[in-house]
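Given next are the chains, with one letter for each unit.
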Amino acid sequence: MTPSIVLLPIVPAVVAALLATVGWRPTTMWLPAISCLTISGLGIVVAAHVVDNGPVTAVEGQFRADAVSALMIILIGAVGTVTSAYSVAHLRTELTTGTTTPQRARLFGALMQLTIAAMCVVVISDNLGVLWVAIETTTIATVLLVGHRRDRTSVEASWKYLVLGSVGVATALMGTVLVYFVSRHSSGDASTALNWTSLVERAPHLDPGALRVAMGFVIVGYGTKAGLAPLHSWLPDAYSQAPAPAAALMAGVLSTMSMYALLRFKVIADIALGPHYVRTMLLIAAVMSLLTAASLMVTQRDYKRLLAYSSVEHMGLIALAAAIGSPLAMSAALLHMIGNGLAKSVAFSTTGEMLFATGTTRIDGIRGLLHRRPFIAATFGVSLLALLGLPPFSILASEIAIVRAGVDDGLAWALAIALVVMLVIFVAVLVHALNMLAGSGDESTDAPGPAAHVTSLTARIPLVGGLIVAAAIGVTIWPISRLLDAAAEVLAR
Amino acid sequence: MTTTRFVQLLDLAAGLVLVTSFAVLWLRRLVTVTWVIAVQGMALAAVALVIGVYEHETELALIALMVFALRGLVLPGLILRAVRAGDEHREVESLINVPAALLAASGLTLVAYATTRDVVALSSTPQVRALPLGIAVMLIGMLLIVTRRKAVLQIMGVLMVDNGIALVMFLGTSGVPLAVELGIASDVLLAMFILQVLTARIRTKFGGTDLDQLRELRD
């Protein structure tokens, strides 16, 4: 039986509508997690089907899921489950301490589900125009999530995010419109001129000169939204001001959506223009992102911004893998998206508990966390180690694969930069983490905060669960290895 | 409609879209600038209408109506409300002066023509010949965002970027499929609405909408 992919966006959309009308109540607050678990389950069903029988289509081919989509659906479901389940405890604390109101909690829950619904549309729409509309929808929804606290800094962050985000995404739309224009001037049916499958088929006949202009806009636009340097300046502000579960969703999977869009366009461009055009642009963005991330992580004073720049680093690594473009590199890029998504969502969610426990987001405001808050400290520490690429987590495997693929491809100089950057970041994060976690933990040095905060079991389960899944994928890759291979085959040139 | 008349009307309307974007850089009174943005939206609707009538495409004529309502009336109306709420009708703050801004905009127009040579070469219709104008309007919108420090002017910049894309859409392909068109329109409307909400929040939190105050977040 063919699985129904149309259900994917409908489930979270219905939950979003329900939360918006009924509100954030004990009866409704677990629905987001259930909806995300459903998405993961459907994703696994789709994956099993796709690996054996090829892509699934729906609504006259407007929606289509291949191996890449299936992998992304599972990622959306997994990160969504962690962040939605953690939201329950997070919003409960915010409501009891009076930092948020029931109205804002209702809006928060609905917007998180709306973002997830839009991301599901991103990965299953074959029409690149619909894909754009869905990505812009995620921008609009997450701007309101970033502004959730409504104080000066969160207003500042949401303004910068919406202005730079809209201009970035608008640039991608200009590129998409130009791709449509170029596609209409080739042979083929006009009604499918903006469909990815049809564009891949007609790619050899597309005018290279005009397509080059279009792809330039697309790469700059979606690159901005993915958080690639030099147009990443909105990212640390937005991630540091968003409430922890929202930041976890944005860093864990939302930026990956723009990267996914880039990879889809890259397939068309590689056929029509040869590999060098997109490769050069991605290499520049990758190297700049890595250097920016390293230089700003060394001197970083805010732990949420530290994680934000870690996102810039990992997006840079994914862009580097995409620039290499071989099947090995593409499966490394996809595995890196999963590893980063799971570890980053746990790390950002934990910052919520850290903020509740210590009342500060400054690195030098926290001492001896391991002694005072062993659970929070351990979760944060382990997720940082995962992000740094230590075993048993999958980021190690994907980084080794990127290096191997790069050496095969003769990109030694870019790999040398990447390795040096990763070493610098490794030391910098370790020093920052030791400063925060180690020490005797004299309570009197704390900034005033809700000191009585206890991390509840509801908060612990999603955090630990996320780390266990991340470690499991690192230890044994076989459950997803066939899917990874199939997905890499779709994307590699 | 004869072909000569069509070319004349099309060039007039598309040219007006570009001229209004220069006027936004040049004019100083915020209320006047808002009217200019409204004229730009109406000129854009005229482009769609002219093409729709000439090519006998009813769908495009309907889209022209939608563009007129949205970009000519509703969105400028939203901006006008933000301007009126601010009591700051004069805009003086800019990182570069007017002659420099106009010069930069002229340069961007040249860039738009230079980069799209290969695109224009694909077809010889009068619509496609005018297509670089849309890219120019988008780039001038970005210039406005980068050089102006007032919240409403950045909103207008975002709207100009979108108007430029819409112009390319109408000129290049007589619009994109209707479903995509509706999606784009509702996203633009929502983004504008939220920008206006944020402007109000900036005003209550910072006591004005001068964006130079927004500098608490830094590394």
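Parameters at a glance
- In every chain, residue numbers begin from 1 and rise along the written sequence.
- Chain letters start at A and ligand numbers start at 1, both assigned in the order the entries are written.
- pLDDT decides what is reported in this predicted model: residues at 70 or higher carry local features, side-chain atom pairs at 80 or more are listed and counted, and totals for whole chains, interfaces and linings draw on all residues regardless.
- Numbering of helices and strands runs from the N terminus; a helix is a DSSP stretch of H or I covering at least four residues, while a strand is a stretch of E covering at least two.
- All radius of gyration figures rest on C-alpha atoms, and the globule criterion is 2.2 Å times the number of residues raised to 0.38.
- In this scheme the burial state of a residue depends on its C-beta neighbours within 10 Å: 20 or more other such atoms mean buried, 12 or fewer mean exposed, and anything in between means partly exposed; the C-beta positions come from the backbone.
- Here, residues touch in the contact sense if the C-beta positions derived from the backbone fall within 7 Å of one another.
- In this analysis, the expected span of each helix is defined as 1.5 Å times one less than the number of residues it contains.
- Note on residue classes: Ala, Val, Leu, Ile, Met, Phe, Trp, Tyr, Cys and Pro are nonpolar, Asp, Glu, Lys and Arg are charged, and everything else, Gly too, is polar.
- Only the stretch in contact is used when fitting a helix axis, every axis being a line fitted to C-alpha atoms; angles between N-to-C directions are given from 0 to 180 degrees.
- Throughout this description, any angle smaller than 35 degrees is read as roughly parallel, any larger than 145 degrees as roughly antiparallel, any in the 65 to 115 degree range as roughly perpendicular, and the remainder as oblique.
- Confidence scores per residue from the predictor, reported as pLDDT, run from 0 to 100.
- Put simply, a crossing is left-handed when the front helix is turned counterclockwise from the back one by less than a right angle, and right-handed when it is turned clockwise.

**Re the overall build of chain A**
(1) Moving on: Along the backbone of chain A there are 19 helices and 2 strands.
(2) Moving on: In terms of overall dimensions, chain A is globule-like: its C-alpha atoms have a radius of gyration of 21 Å, near the 23 Å expected for 493 residues.
(3) Moving on: Referenced to the eigenvectors of the C-alpha coordinate spread, the extents of chain A come out at roughly 70 × 55 × 40 Å.
(4) Moving on: Residue burial in chain A is summarised as follows: out of 493 residues, 63% are buried.
(5) Moving on: Intrachain contacts of chain A at a sequence separation of at least 6 include 82% that bridge at least 24 residues.

**A closer look at the overall build of chain B**
(1) Moving on: Counting its secondary structure elements, chain B contains 9 helices and 0 strands.
(2) Moving on: For chain B, the succession of helices and strands along the chain, N to C, is α-α-α-α-α-α-α-α-α.
(3) Moving on: For chain B, whose C-alpha radius of gyration is 18 Å, the value lies close to the compact-globule estimate of 17 Å for 219 residues.
(4) Moving on: Seen through its principal axes, chain B has C-alpha atoms that stretch 55 × 35 × 35 Å.
(5) Moving on: The burial tally for chain B puts 48% of its 219 residues in the buried class.

**Comments concerning helix H13 (residues 327-358) of chain A**
(1) Moving on: If you check H13 of chain A, its first and last C-alpha atoms are 46 Å apart, about what 32 residues at 1.5 Å a residue would give, namely 46 Å.
(2) Moving on: Remark: Gly 359 of chain A follows H13 of chain A within two positions and exhibits a positive phi of approximately 75°.

**Some details on the interface of chain B and chain A**
Interface size is commonly expressed as the accessible surface area that is lost when the partners come together.
(1) Moving on: Across the contact, 37 residues belong to chain B and 39 residues belong to chain A.
(2) Moving on: The biggest single contributor to the side of chain B that touches chain A is helix H9 (residues 178-206) of chain B, with 13 residues.
(3) Moving on: Grouping the constituent residues of the side of chain B that touches chain A by class yields 23 nonpolar, 7 polar and 7 charged.

**Some points on unusual backbone geometry**
All names here are of chain A.
(1) Moving on: In this chain, Ala 229 is followed by Pro 230 through a cis amide linkage whose omega measures 5°.
(2) Moving on: Tracing the sequence through the fold places Pro 230 in the loop between helix H8 (208-226) and helix H9 (234-241).
(3) Moving on: Along the chain, Pro 391 connects to Pro 392 via a cis peptide bond; the corresponding omega equals 10°.
(4) Moving on: Mapped onto the fold, Pro 392 is located in the loop between helix H15 (374-388) and helix H16 (394-409).
(5) Moving on: One non-glycine residue, Val 59, lies in positive phi territory at about 50°.
(6) Moving on: Checked against the element boundaries, Val 59 lands in the loop between strand S1 (56-58) and strand S2 (63-65).
(7) Moving on: You will see that Glu 60, though not glycine, has its phi angle at about 55°, which is positive.
(8) Moving on: Residue position: Glu 60 is located in the loop between S1 and S2.
(9) Moving on: Residue class for Glu 60 comes out exposed when judged on the 8 C-beta atoms lying within 10 Å of it.

**Some points on helix H5 (residues 128-146) of chain A**
(1) Moving on: Counted at 1.5 Å a residue, the expected span for H5 of chain A with its 19 residues is 27 Å, and the 27 Å between its end C-alpha atoms agrees.
(2) Moving on: Burial analysis of H5 of chain A places 19 of its 19 residues in the buried class, the great majority of the element.

**Regarding the packing of helix H2 (residues 30-54) of chain B against helix H3 (residues 58-86) of chain B**
Helix packing geometry: the angle between the two helix axes and the distance between the axes.
Residues and elements named next belong to chain B.
(1) Moving on: Contact geometry of H2 with H3 gives a least axis separation of 8 Å together with a crossing angle of 175°. As summarised for this structure, H2 and H3 are arranged roughly antiparallel, according to the angle between their axes.
(2) Moving on: Residues that form the contact of H2 with H3 fall into these classes: 22 nonpolar, 4 polar and 1 charged.

**What to know about the confidence of the model for chain B**
(1) Moving on: Averaged over chain B, the pLDDT score is 89; the fraction of residues at 70 or greater is 97%.
(2) Moving on: Here the complex is predicted with pTM 0.95, and the ipTM for its interfaces comes to 0.94.

**Some points on the packing of helix H11 (residues 276-298) of chain A against helix H17 (residues 412-437) of chain A**
Residues and elements named next belong to chain A.
(1) Moving on: For the pair H11 and H17, interaxial distance at closest approach is 9 Å and the crossing angle is 20°. Viewed along their axes, H11 and H17 adopt a mutual orientation that is roughly parallel. Here H11 and H17 pass one another in a crossing that is left-handed. Contacts between H11 and H17 involve Leu 283, Val 287, Leu 290, Leu 291, Ala 293, Ala 294, Met 297 and Val 298 from the first element and Ala 414, Ile 417, Ala 418, Val 421, Val 424, Ile 425, Ala 428 and Val 429 from the second.
(2) Moving on: In terms of residue class, the contact of H11 with H17 is made up of 16 nonpolar, no polar and no charged.

**Some remarks on the environment of Leu 42 of chain A**
Residue and element names in this part refer to chain A.
(1) Moving on: If you trace the backbone, Leu 42 turns up in helix H2 (residues 31-53).
(2) Moving on: Classification of Leu 42 by C-beta neighbours within 10 Å gives buried; the count is 22.
(3) Moving on: If we skip the residues at most four places from it in the chain, Leu 42 touches Pro 3, Leu 7, Leu 8 and Ile 73.

**Some points on the environment of Ala 322 of chain A**
Residue and element names in this part refer to chain A.
(1) Moving on: With respect to the helices and strands, the residue Ala 322 is situated in helix H12 (residues 303-324).
(2) Moving on: C-beta crowding within 10 Å serves as the criterion here: with 26 such atoms nearby, Ala 322 is assigned to the buried category.
(3) Moving on: As for Ala 322 and Leu 335, which are separated by 13 residues in sequence, their C-alpha atoms are 12 Å apart.
(4) Moving on: Ala 322 has contacts with Leu 263, Lys 266, Leu 282 and Ala 333, leaving out every residue within four places of it along the chain.

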